[in-house]
Amino acid sequence: MAENPEGWKPKILGLVCNWCSYAGADLAGGARMQYPPDIRIVRVMCTGRLDPLFIMKAFTDGADAVLVSGCHFGDCHYLEGNYKAAKRMFLVKSLLKNIGLDDRRLRMTFVSASEGAKWAKVVEDVVNVTHELGPSPFNRKYGELKELV
Amino acid sequence: MAEAVSPTTSKKPETPRIGVFICHCGTNIAGSIDIDAVKEYAKTLPNVAYVDDYKYQCSMPGQVNIREQIDANKLTGVVVAACTPRLHEPTFRAASKDGGLNPFRFEMANIREQNSWVHMHDREGATEKAKDAVRIAVAKAALLEDLYPKSVPVERAAMVVGAGVAGMQAALDLANAGIKTYLIEKEPSIGGRMSQLDKTFPTLDCSQCILTPKMVDVGRAENIVLMVNSEVEDVEGYIGNFDVTIRRKATGVLSPEEAEAKGIVGGGCTGCGDCGPVCPVTKPNEFEMNMAPRKAIYIYHPQVVPLLYTIDWDSCVKCGLCVEACGEKKAIDLEMQDELVQVKVGTVILATGYEVFPIENKEEWGYKRYDNVITSLEFERLICASGPTGGHLVRPSDGETPMRIGFVLCAGSRDNTGIGKPYCSRFCCMYSLKHAHQIIEKIPGAVPYIFYMDIRSFGKMYEEFYYRIQDEGAKFIRGRVSNIQEDPVTKNVTVYVEDTLLGRPMEIELDMVVLAAAVQPTELTNKTRKLFGVSCSQDGWLLEAHPKLNPCGTTTAGVFLAGACQGPKDIPDSVAQAEGAASAASIPIHKGEVELEPYYAMCIEEKCAGCGMCVNLCPYQALSLVEKDGRTVMQVTEAKCKGCGTCGGFCPGGAIWMNHFATPQIVAQIDAFLLGGEQ
Amino acid sequence: MTEMREYAFFLGCIAPNRYPGAESASIITSRRLGIELLPLNGASCCPAPGAFGSIDLNIWYAMAARNLVLAEQMERDIALICNGCYKSIYEVNHKLKHNDELRDGVNEVLKEIDMEFKGSIDVWHLAELLYDENIVGVEKIRESVKVPLTGTKIAVHYGCHLMKPKKERHMGSTEAPRWIEELVEALGAEAVEYRNKMQCCGAGGGVRGYDLPHSLDITNEKLQNMIEVGADAVTEVCPFCQLQFDRGQIEIEEKFGIKYDMPVFHYNELLGLAQGMSPSELGLDLHAISTEPFLKKVL
């Protein structure tokens, strides 16, 4: 594993559904579970809202990783949104591979409103993997292809 | 950046002037985040016209300040950086509204639950994250628009699923408030677990005696439509307008009303019982915990409500002898089929109760291998005067009266081995004390041995009851029973336990052991909750909206919880929660209308190609294709749209505008995070 | 003729030294049922898990690993007939396969004798191989019986290390298993349930060596429970349990003055008997307690 550039801190975008994962993240907070601060959350009502273009925009903007988190299958507040989101994320993952981004930079997880501990673990995990992968080639300050974007 | 032009506005939005209000929340936020740094940073953000901070933004002075600053600074939008929107978004929306701003021009940055509380040892990281969160929120606030919640009428009817004591109480309260209530019960009779109990703690009331008046009230209440032997099959709709399909399973027996409707004068089941004796098929009676027989055509016990016989189709051989015995009343219809009934209700209460954990899975206690090891519910039936032994406690192996009876508490509860349940089942300590009392009272000279970890006598008059049982002479041994062995000849059971207060292991030979087995949610509860969109907590019980401040509600508007289905609880707590749920469920109905958040989808017709692919994506069938000015475009039925955004996330032409979560608004947040600020 | 399944036969210490009949019965009966037990040359004590494990875990790991490597070199899984050996050989194999640090440490020691643990084989108790219908199975055993043990009541002693700790084994229920009873009933005998049948024999964990009277106290209780249900004999799958029950009855008579005369058989000895092996082939005269009363009922 190559050394990561000095001063680089991972830029991780979290796209999180209001009913399950956002609530689970709040629960982690209530229980004071600690995890690394490298993630920024954008709340949507359902992961089904997520257009694949949002993810691609995030990566072109230089995100080092994107975490999409929704309800468990069968528990979606809007019945099926998470299934559709999962299908879209598979598509985006293969797109990432095609443009030379390690597809581990995109991750979809399922965290319910009562799974605060799981949320903390998921974030910790994503941050660790991102450290392993290093800055995205499109990262605006540290990416090797930053001139292209 | 995409232009934020929604179909609702025909003009471009005005230059945004956002007010940023940062909350210290005492030291909850200020303890981990440098508020001043965030404040100074906020001042540098584009579109920010005013920045302020306060100790408790949600307090009266905090809210008044927001109100005043909106006017003073001609703000077009408000950002509060504080706790989670799931807690105070309504609070600050109301404050914004008071200040003359449309409440949907408000955006919250969560810098507590998702920042200060989870990054308590990284002040620098937490502060940077807070700055980013404010920047992201400001970017969205600059693009928010006026939205108006839509009101929908509320059907003046309610539904209660489950007719145990909680469900019955909730139904009675709703009915007495003048609301037509559908009470759905899966068994052929109402009453639930409480009708299986002999006595209730700590008053030692006869359970069926105090329950029967309620059961009769339910049966008699005009406003209650009672459907027994029924289950919820399907649910559509939303608060105020639930379309519920109920499967009324065929009982094979007509009630007097049903018989009359069929033209059988003076017919229908009167509960006379002529059919039972002639039925050739005998099966275990589930109500008696399989310790007594019933026929294929049966009632559980003489006090059932409604007093109608039911046929167990799995056992019935359709010999027709019962039809003959019923004679003129013609109450039996062996060809009866299930019926699907559709009802519309405004609110729903789930009161689906509990079942006993399969304690044979804890093999060390020998349940189902040793005759003389039984569960507490089986004990209730044995000690109950209306039970299989007429209230005489006997040993299953030989019918003798036991003199030394052991009670294993926490059997399968507080168990982290992965086999039992990790939680406490709450009422077992109390009922075991009650059982000990009943033995001392009924069997002179009998000695109850209670093997406990703790005695949780938490309720009103519960501790006093504990003193009483101690004084009556019950023996208490503090330790977990590790093993039970059976004497192959006498069938006596020997309990191996450590008396932790004396610090030594013990072997005690007993005549009988009662396991205070853990309880768990029923399987039907899991199926039913999914139909209503209710989550369950990690322990499997149904998830309340907030464990402290909203224990009767769920995150699904219009659906409430009552009784043990939300977590094990005794009768007082079940009844209390049922009354709370009934009150909450009646509010929308009495108001007559309910406001829905205006997050619905809209079609940007100029961009719509009429491809129709979004139509099939909608789980609520809220979208359709229509002809407009010679073009085919999509149209949203706003009443059906819940705002999930599944269509919006898909439309390849960008022709769907999701109110309050529009594409330009989300992209602005993403860009603000990744492109804005110092990199 | 079906192909023979070959295993490296780990003998342990007690069977060859005290109950050689168990060893020979195992080889001969297995051969009849399609299992060839090959000699594992150079094997040492497993080492005894209670004694060695209590004193120095590193020695325990290293000695067991050495035995495992011998089998790896033979490229055969290990089959054994003793619960104690099972604990040592099976558990150490499992631990070394899953714990890199532990394995590296053990291999450092094995390096000194030019050995390396690779984790390439599995370890089985012969009883589980006999029970597994994909390998032998109860039916095949029943078919191989020439001298059914009809009319006898046999108490099965499972011992401790075969079934437990449950989390580190795959043998099923540890409270009320019935599979060895099924193996016994396949021989035509009646396997009787008795009180507290899963209790230890008293020997293991170093207890027999350290505190004989207490270990005999436990054995005594077991024997009483077996007598209570009219057992004619005890059967087990562990030569150490066998020693405790067999020799133990002499010691119990010396110390407590109680005489049981309860014959004790390793399951493979019973299997051999049922398959027609003679008492002398089974070395039954080497048992401390005479097996005559039982043989009279059967032969």
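The structure under discussion appears in the preceding block.
Residues numbered from 1 in each chain as written. Chains lettered and ligands numbered in written order. Predicted model: local features only at pLDDT ≥ 70, side-chain atom pairs only at ≥ 80, totals over all residues. Heavy atoms only, no water.

Re the state of the cysteines
If you walk through the whole model with that rule in mind, you get two disulfides over all chains. At a sulfur-sulfur separation of 2.3 Å, the disulfide partner of Cys206 of chain B is Cys209 of chain B. Given an S-S torsion of about 75°, the disulfide between Cys206 of chain B and Cys209 of chain B has right-handed geometry. Look at Cys209 of chain B and you get partly exposed, because its relative accessible area is 48%. Cys241 of chain C carries a free sulfur, and the closest cysteine sulfur to it, the one in Cys238 of chain C, is 3.7 Å from it. Cys241 of chain C gets classed as buried once you look at its relative accessible area, which sits at 6%. (Disulfide = S-S within 2.5 Å. Buried < 20%, exposed > 50% of the residue type's maximum accessible area, 1.4 Å probe, protein only.)

Some thoughts on a negative patch on the surface
All names here are of chain B. Together, Glu257, Glu258, Glu260 and Glu339 line one region of the surface with negative charge. Per-element accounting of the negative patch gives the leading share, three residues, to helix H8 (residues 256–261). Mapped onto the fold, Glu257 is located in helix H8. Relative accessible area serves as the criterion here: at 58%, Glu257 is assigned to the exposed category. (Patch = residues over 30% accessible without salt bridge, like charges linked within 9 Å, V, L, I, M, F, W, Y side chains within 5 Å. Areas by Shrake-Rupley, 256 points an atom, 1.4 Å probe, with all protein chains shown as cover. Salt bridge = Lys/Arg side-chain N within 4 Å of Asp/Glu carboxyl O. Lys, Arg positive; Asp, Glu negative; His and termini not counted. Charge placed at Lys NZ, Arg CZ, Asp CG, Glu CD. Helix = DSSP H or I, 4+ residues; strand = E, 2+ residues; numbered from the N terminus.)

Here we look at the interface of chain A and chain B
At the interface, 52 residues of chain A touch 53 residues of chain B. Of the roughly 4600 Å² buried between chain A and chain B, counting both surfaces, carbon and sulfur atoms make up 57%. Counting the contacts that link chain A with chain B gives five salt bridges. The salt bridge partner of Lys9 of chain A is Glu124 of chain B, with a shortest N-O separation of 3.9 Å. Where chain A touches chain B, the interface holds 22 residue pairs in polar contact (both at pLDDT 80 or more). Only strand S1 (12–17), helix H1 (21–30), strand S2 (39–44), helix H2 (52–60) and helix H3 (81–98) of chain A provide two or more residues apiece to the side of chain A that touches chain B. The greatest single-element share of the side of chain A that touches chain B, amounting to seven residues, is contributed by H1 of chain A. Residue classes in the side of chain A that touches chain B are distributed as 25 nonpolar, 10 polar and 17 charged. (Contact = heavy atoms within 4.5 Å. Buried area = accessible area lost by both parts, 1.4 Å probe. Polar contact = N/O pair within 3.5 Å; in protein donor to acceptor, adjacent residues only side chain to side chain. Nonpolar A, V, L, I, M, F, W, Y, C, P; charged D, E, K, R; others polar.)

Some remarks on the arrangement of the chains
With two pairs of chains in contact overall, the contact-richest pair is chains A and B. Left apart from each other, chain A and chain C have a closest C-alpha approach of 21 Å.

Notes on unusual backbone geometry
Omega for the bond connecting Phe201 of chain B with Pro202 of chain B falls within 30 degrees of zero, at -10°, which places this linkage in the cis form. Mapping Pro202 of chain B onto the fold places it in the loop between strand S8 (199–200) and strand S9 (205–206). With an omega of 0°, the peptide bond running from Lys164 of chain C to Pro165 of chain C counts as cis. Within the fold, Pro165 of chain C resides in the loop between strand S5 (153–157) and helix H9 (179–185). Here Cys410 of chain B, not a glycine, exhibits a phi torsion of approximately 55°, which is positive. Classification of Cys410 of chain B as buried rests on a relative accessible area of 8%. Even without glycine at this site, Arg414 of chain B takes up a positive phi of about 50°. Considering the arrangement of structural elements, one finds Arg414 of chain B in the loop between strand S21 (404–411) and helix H12 (428–442).

Description of empty space enclosed by the protein
Per the counting criterion, the structure on display carries nine cavities of 30 Å³ or more. Size it by volume and the largest cavity reaches roughly 290 Å³. Forming the boundary of the largest cavity are 21 residues, of which Tyr22 and Ile41 of chain A together with Met108, Ala109 and Asn110 of chain B lie nearest the centre. Breaking the lining of the largest cavity down by element, the ones donating at least two residues are S2 of chain A together with helix H3 (85–98), strand S4 (106–110), helix H4 (112–116) and helix H5 (123–141) of chain B. (1 Å grid on protein atoms, 1.4 Å probe; cavity = no way out; pocket = protein on both sides within 12 Å on 5 of 7 lines; lining within 4 Å. Points joined across faces, edges and corners; volume = space filled by probe spheres on them.)

Side note on the packing of aromatic side chains
One pass over the structure, following the stated rule, counts 21 aromatic pairs over all chains. With a centroid separation of 6.1 Å and an interplanar angle of 80°, the aromatic rings of Tyr452 of chain B and Phe476 of chain B are classed as edge-to-face. Note that Tyr452 of chain B is positioned in strand S22 (residues 447–452) and Phe476 of chain B in strand S23 (residues 475–478), a separation of 24 residues in sequence. For Tyr452 of chain B, a relative accessible area of 10% translates into the label buried. With a centroid separation of 5.5 Å and an interplanar angle of 70°, the aromatic rings of Tyr466 of chain B and Phe476 of chain B are classed as edge-to-face. Here Tyr466 of chain B is found in helix H13 (residues 462–472), whereas its partner Phe476 of chain B is found in strand S23, with 10 residues between them in sequence. Given a relative accessible area of 14%, Tyr466 of chain B falls into the buried group. When its relative accessible area of 21% is taken as the criterion, Phe476 of chain B is described as partly exposed. An aromatic cluster of at least three residues, connected via ring pairs, comprises Phe73, Tyr83 and Phe110 of chain A. (Phe/Tyr/Trp six-rings, centres within 6.5 Å; stacked < 30°, edge-to-face > 60°.)

Some thoughts on the interface of chain B and chain C
Taken together, the contact pairs 10 residues of chain B with 11 residues of chain C. When chain B packs against chain C, the two sides together hide about 880 Å² of surface, and 44% of this comes from carbon and sulfur. Interface area lost by chain B to chain C is led by Glu363, Gln485 and Pro488 of chain B, which between them contribute 47%. Applying the counting criterion to the chain B and chain C interface returns five residue pairs in polar contact (both at pLDDT 80 or more). Taken together, the elements giving at least two residues each to the side of chain B that touches chain C come down to strand S24 (481–486) and strand S25 (493–499) of chain B. A per-class count over the side of chain B that touches chain C returns two nonpolar, three polar and five charged.

So, the side chain of Arg135 of chain B
Residue and element names in this part refer to chain B. Relative to the helices and strands, Arg135 is located in helix H5. Given the relative accessible area of 6%, Arg135 is considered buried. A polar atom in the side chain of Arg135 sits 2.8 Å from the side chain of Tyr41.

Examining the sheet that holds strand S26 (residues 504–510) of chain B
Residues and elements named next belong to chain B. The strand order across the open sheet built from three strands is S24-S25-S26, with neighbouring strands paired in antiparallel fashion. Two strands lie at the open edges of the sheet, namely S24 and S26, each paired on one side alone. Sheet twist, expressed as the average angle between the axes of neighbouring strands with direction ignored, equals 20°. Sheet topology places S24 next to S25; five bridges connect them, and they run antiparallel. Looking at S25, one finds that Glu486 is bridged to Val493. (Pairing = 2+ DSSP bridges. Axes fitted to C-alpha atoms, helices over the stretch in contact; angles between N-to-C directions.)

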